[in-house]
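Architecture at a glance
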Amino acid sequence: MAIAVVVYGAGGKMGSEVLNALCRDPELEAVAAVDSRAQDSSLSLPDGSGQIPYSRQLEPVLSQCRPDVLVDFTVRDSTLAAVPVAAQCGVNLVIGTSGLSHEDITEIERLCTSGDVGA
């Protein structure tokens, strides 16, 4: 069974590269994409194998798709907003966002390991 992945920041350069990589790996499956600039409700996969849900809003996508992993290539503020949502939904995070401070990383680790997502 493939690992289900949602790509957060799918409309950006790195998000597009992540989608390309997911399409080439039989052990991974892109199940949805999120981007603040999403215009359509679906996104064609780069290898032409189909379409996946595409949204501006993370929480509904995570609730609907129930992925194993959220790959985040956005910006600091978007990452910090996504972490508690992913933690609440029990989704593992892979964060490729640059510009996070040591304090940001410490808070991300705390949220992901403590279950205290209301902070």
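Now for a description of the structure that goes with this document.

**A short note on the overall build of the protein**
Counting its regular elements, the protein contains four helices and six strands. The helix and strand sequence of the protein, counted from the amino end, reads β-α-β-β-β-α-β-α-β-α. Taking 119 residues into account, the globule formula puts the C-alpha radius of gyration at 14 Å, and the protein, at 14 Å, falls close to it. Its C-alpha atoms give the protein principal-axis dimensions of about 40 × 30 × 25 Å. Put simply, the protein has 119 residues, and 37% of those count as buried.

**Things to note about the side chain of Asp72**
Along the chain, Asp72 turns up in strand E5 (residues 69-72). Buried within the structure, Asp72 lacks any salt-bridge partner; its nearest side chain of opposite charge belongs to Arg37, at an N-O separation of 11 Å. Only 2.6 Å separates the side chain of Asp72 from the side chain of Thr74, close enough to count as a polar contact. Beyond its immediate chain neighbours, meaning those up to four positions away, Asp72 contacts Tyr8, Thr79, Val94, Ile95, Gly96 and Thr97.

Analysis parameters
Residues numbered from 1 in each chain as written. Predicted model: local features only at pLDDT ≥ 70, side-chain atom pairs only at ≥ 80, totals over all residues. Heavy atoms only, no water. Helix = DSSP H or I, 4+ residues; strand = E, 2+ residues; numbered from the N terminus. Rg over C-alpha atoms; globule rule 2.2 N^0.38 Å. Buried < 20%, exposed > 50% of the residue type's maximum accessible area, 1.4 Å probe, protein only. Lys, Arg positive; Asp, Glu negative; His and termini not counted. Salt bridge = Lys/Arg side-chain N within 4 Å of Asp/Glu carboxyl O. Polar contact = N/O pair within 3.5 Å; in protein donor to acceptor, adjacent residues only side chain to side chain. Contact = heavy atoms within 4.5 Å.

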